[in-house]
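# Topology and contacts: notes
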Amino acid sequence: MSRLIGLGLLLAGLLYPFAVYFGMEHFAPWQFGLLLGSLWLARALTGERRPGSLWMSTVAIAFCLLLAAFDSPVLLRWYPVLISAFMLVLFGLSLKYGPPMVERLARLREPDLPPRAIRYTRQVTIAWSVFFLCNGLCAAALTLWAPLSWWMLYTGLISYGLIGLMFAIEWLIRQRVRGHP
C-alpha cells in the first residue's frame, strides 16, 4: 500500500503544474490542498520510517492545510518550491551527517565502494544540492513575478528536462572517472 501511495505522490508531483494550470478553472485551491494533503497524510501513516520522511510529510501536510484554509491560488504555485527545498535539505544534510545521498544510492548497487568513488559521490551530492537550490530559486522567482504559463512551463517541463540533463552529464562523467571510454 505504501508503494501505491508513493507512486500517487510521485505522479501528483509530476503532474501538479499542469493540474494547477488547467484545473484552476474547475477546482478551488482548497480542493488541491485536500487531495495533496490526503496523499501526504497517507504516506505519513503507512510509509517506511526513513530519515526525513516524517518531517517532510508533516511540513507538506501543514502546507496543504494552509492551502485549504486560505484557499489561495498564489499558494498553489509554492508547492514545487517546497519539493525542491525538501530535496535540498535531504541532499545537504546528508553531506553533514553522512553518508552523502549519492553514496547511499551507489552502495545499493555496489556495497564496497573504493575511496575514490566515495569522494566522487560526495562531489555529485554537492552538485545535486546546488541544482536543487537553483531550481527552487527559479521556481520561487516564477511564482512571485511570472505569469502562470511561464511557471507551468518551467516547473512542469523545463525543470524535469534539467534533471534529466544532470543525470546524463553525471553518467558521462562517471564513465570517464571509472576509466570507461
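Residues numbered from 1 in each chain as written. Predicted model: local features only at pLDDT ≥ 70, side-chain atom pairs only at ≥ 80, totals over all residues. Heavy atoms only, no water.

## A few points about the pattern of salt bridges
- Here the structure, examined in full by the defined rule, presents 2 salt bridges.
- Between Arg-107 and Glu-103 there is a salt bridge, and its shortest N-O distance comes to 2.9 Å. On the criterion of helical spacing, the pair formed by Arg-107 and Glu-103 is a turn pair, its members being 4 residues apart in helix α6 (residues 101-109).
- For Arg-174, the salt bridge is made with Glu-170, and the minimal N-O distance between the two is 2.7 Å. Taken together, the residues span about one helical turn, with Arg-174 and Glu-170 both in helix α8 (residues 148-178) at a distance of 4 residues. (Salt bridge = Lys/Arg side-chain N within 4 Å of Asp/Glu carboxyl O. Helix = DSSP H or I, 4+ residues; strand = E, 2+ residues; numbered from the N terminus.)

## So, the confidence of the model for the protein
- For the protein, mean pLDDT is 91; residues scoring 70 or higher make up 98% of the total.
- Confidence scores differ between elements of the protein, with helix α1 (residues 2-23) showing the lowest mean pLDDT of 87 and helix α7 (residues 115-145) the highest of 96. (pLDDT = per-residue confidence, 0-100.)

## Remarks on the packing of aromatic side chains
- Tallied over the entire structure, the rule returns 12 aromatic pairs.
- Considering the side-chain rings of Phe-63 and Tyr-79, the 6.0 Å spacing of their centres and the 35° angle between planes classify their relative orientation as tilted. On the criterion of sequence distance, the pair formed by Phe-63 in helix α3 (residues 53-70) and Tyr-79 in helix α5 (residues 79-97) is long-range, its members being 16 residues apart. Neither residue differs from the other here; Phe-63 and Tyr-79 are each classed as buried. (Phe/Tyr/Trp six-rings, centres within 6.5 Å; stacked < 30°, edge-to-face > 60°. Buried < 20%, exposed > 50% of the residue type's maximum accessible area, 1.4 Å probe, protein only.)

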